[in-house]
Amino acid sequence: MFAFVLATALLAPAAARAADGVVTATLPNGLRVLLLEDWRSPIVSFQVWYRVGSRNEQRGATGIAHLLEHMMFKGTPTWGPRQFARIVEQNGGQDNAFTSQDVTSYFVNIAADKLDLVVELEADRMQNLLLDPKEIDSERQVVIEERRTRTEDDPGGFLGEEVGSIAFKAHPYGYPIIGWLEDLKRLTPDEIRAFYRTYYVPNNAIAVAAGAFRAQDLLERITRRFGRIPRGPEPPAVLAVEPPQNGERRAIVRKQAELPIVYLAWHVPNHRSEDAAALEVLSTVLSGGRASRLYKQLVYERQLALEAGGDYSYFSLDPNLFWFWATPMPGQTPETLEKELLASMERLKNEAVTGEELQRAKNQIEAAFVFQEDSIHRRASLLARFELMGGVALKDTFIAKIRGVTAADLQRVARAYFPEDRKNVGILLPKG
């Protein structure tokens, strides 16, 4: 027993505990571990984030990251096909996953006394995934059907995909996360196995947990189980850099739909820029709920739009797009909405936002950020998000950056990043 305890102590990496209680460590095989004790409820959220998404795909093989996410639930030699979700459910837990442009994430929320089972299941499928050709073909059809319902038969999803594809010429952010249909049909089992071996290695992953556990005990358990998985070669870096846009790009599509849709998008920097916090606040001023400018002016007061919104990808690993959109009311034209959306941006360039608008936007961002701490799942996810950006310590600086944004900052970034001659426009016109 003494020899076993000594061996475990030698194997466990040195852990650091931050001021906010987060215990961090890196295993010898490269696995990054983030642990946060939260004893309010006897449950744990255990998550494994892989640094791979559609950003890491090649032309002709789009959708492979998302298809592999589906295959991660198809079993290992130890746990047979489709057993992962069944075992979690039998033990009272919930599991799911998602693929984004930058990451693929898997999570299990479960009673704390079942945590060892989850650690075993996740470590097993990191190394021993079954990729049976018949299961791949079966799941391929599931993904193709998902693409049909979420993109091809969804007007908003269809238009968003078109705008993304024209906005990016060089960077893989122009690929749809779910993949192009032709690629999904063509992908081979050998390609999927190679992708799995390249990216599903401990040195390309983050294991993060929040909940009712002793952090040092859990770190030792993670070390014992994940630590035996060999380190893999470093995955290839994404070197593509999107060149500056030289002029307006426009896509007009026709689709079976009730009403037109108008999308506008500009290239903007990500979190690495000093302007990121101002862009986050600007997005909230424009489209953050029913008190936002777009909703208040276009939907509520003037009744030109049925809905209006926007988005900014603060956490994006590479520079991405700043979006906003509107659906015209019956009788209104997409041309009118495009002009009104542009006019909203021009007002931001020429007129400083009021103190009330600015403070409301800051309060919305801060409240949403703080409320996430009520959920152990969201607490764990936030740790992973900031680790991907450069380290969990960045989480403690986010709110301070938001609070420091001024009305002059909003005016400056509006003028800097939203020239009318470098916009990406998408207009969907209903067929018939």
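Our subject is the structure that appears above.
A quick note: this is a predicted structure, and the numbers were derived from the prediction, not measured.

(A) Structural detail: helix α9 (residues 215–226). Its 12 residues place the ends of α9 16 Å apart at the C-alpha level, agreeing with the 16 Å of an ideal helix rising 1.5 Å per residue. Within the span of α9, buried status applies to A215, L218, L219, I222, T223, R225 and F226.

(B) Layout of the sheet that holds strand β12 (residues 424–430). Read from one edge of the open sheet, five strands run β8-β12-β9-β11-β10, paired in mixed fashion. Since the sheet does not close on itself, it has two edges, and those belong to β8 (249–255) and β10 (305–312), each with one partner. With direction set aside, neighbouring strand axes in the sheet form an average angle of 15°. Sheet analysis places strand β9 (residues 261–268) next to β12, joined by five bridges and oriented antiparallel. In the sheet register, I261 faces β12, and the bridge partner there is L428.

(C) Highlighting the pattern of salt bridges. Under the defined criterion, the tally for this structure stands at 32 salt bridges. Between R186 and E191 there is a salt bridge, with its nearest N and O atoms 2.9 Å apart. Look at R186 and you get partly exposed, because its relative accessible area is 38%. The closest approach of N and O atoms between R360 and E356, which form a salt bridge, is 3.2 Å. Here the residue R360 and the residue E356 both occupy positions in helix α13 (residues 355–371), the gap between them amounting to four residues, near one helical turn.

(D) Here's a closer look at empty space enclosed by the protein. Taken as a whole, this structure holds three cavities of 30 Å³ or more when the rule is applied. What the largest cavity holds in volume is close to 70 Å³. Around the largest cavity, the lining residues are M72, G75, T76, W79, Q83, F84, L121, D124 and R125. Listing elements by their share of the lining of the largest cavity, those giving two or more residues are α3 (83–90) and α4 (115–127). Class assignment of the residues belonging to the lining of the largest cavity gives a composition of four nonpolar, three polar and two charged. Considered as a void within the structure, the second largest cavity measures approximately 50 Å³ in volume. Lining the second largest cavity are T284, V285, G288, A291, S292, E357, R360, A361 and Q364. If you list the elements that add at least two residues to the lining of the second largest cavity, you get α10 (276–287) and α13.

(E) Up close: the packing of aromatic side chains. Enumeration according to the criterion identifies 24 aromatic pairs in this entry. Ring geometry for W49 versus F98: centroids 5.6 Å apart, planes at 85°, classification edge-to-face. You can see W49 sitting in strand β4 (residues 43–50) and its partner F98 sitting in strand β5 (residues 94–99), a full 49 residues away along the chain. Judged by its relative accessible area of 28%, F98 is partly exposed.

Here is what the cut-offs are and how they apply
- Residues numbered from 1 in each chain as written.
- Predicted model: local features only at pLDDT ≥ 70, side-chain atom pairs only at ≥ 80, totals over all residues.
- Heavy atoms only, no water.
- Helix = DSSP H or I, 4+ residues; strand = E, 2+ residues; numbered from the N terminus.
- Expected span 1.5 Å × (residues − 1).
- Buried < 20%, exposed > 50% of the residue type's maximum accessible area, 1.4 Å probe, protein only.
- Pairing = 2+ DSSP bridges.
- Axes fitted to C-alpha atoms, helices over the stretch in contact; angles between N-to-C directions.
- Salt bridge = Lys/Arg side-chain N within 4 Å of Asp/Glu carboxyl O.
- 1 Å grid on protein atoms, 1.4 Å probe; cavity = no way out; pocket = protein on both sides within 12 Å on 5 of 7 lines; lining within 4 Å.
- Points joined across faces, edges and corners; volume = space filled by probe spheres on them.
- Nonpolar A, V, L, I, M, F, W, Y, C, P; charged D, E, K, R; others polar.
- Phe/Tyr/Trp six-rings, centres within 6.5 Å; stacked < 30°, edge-to-face > 60°.

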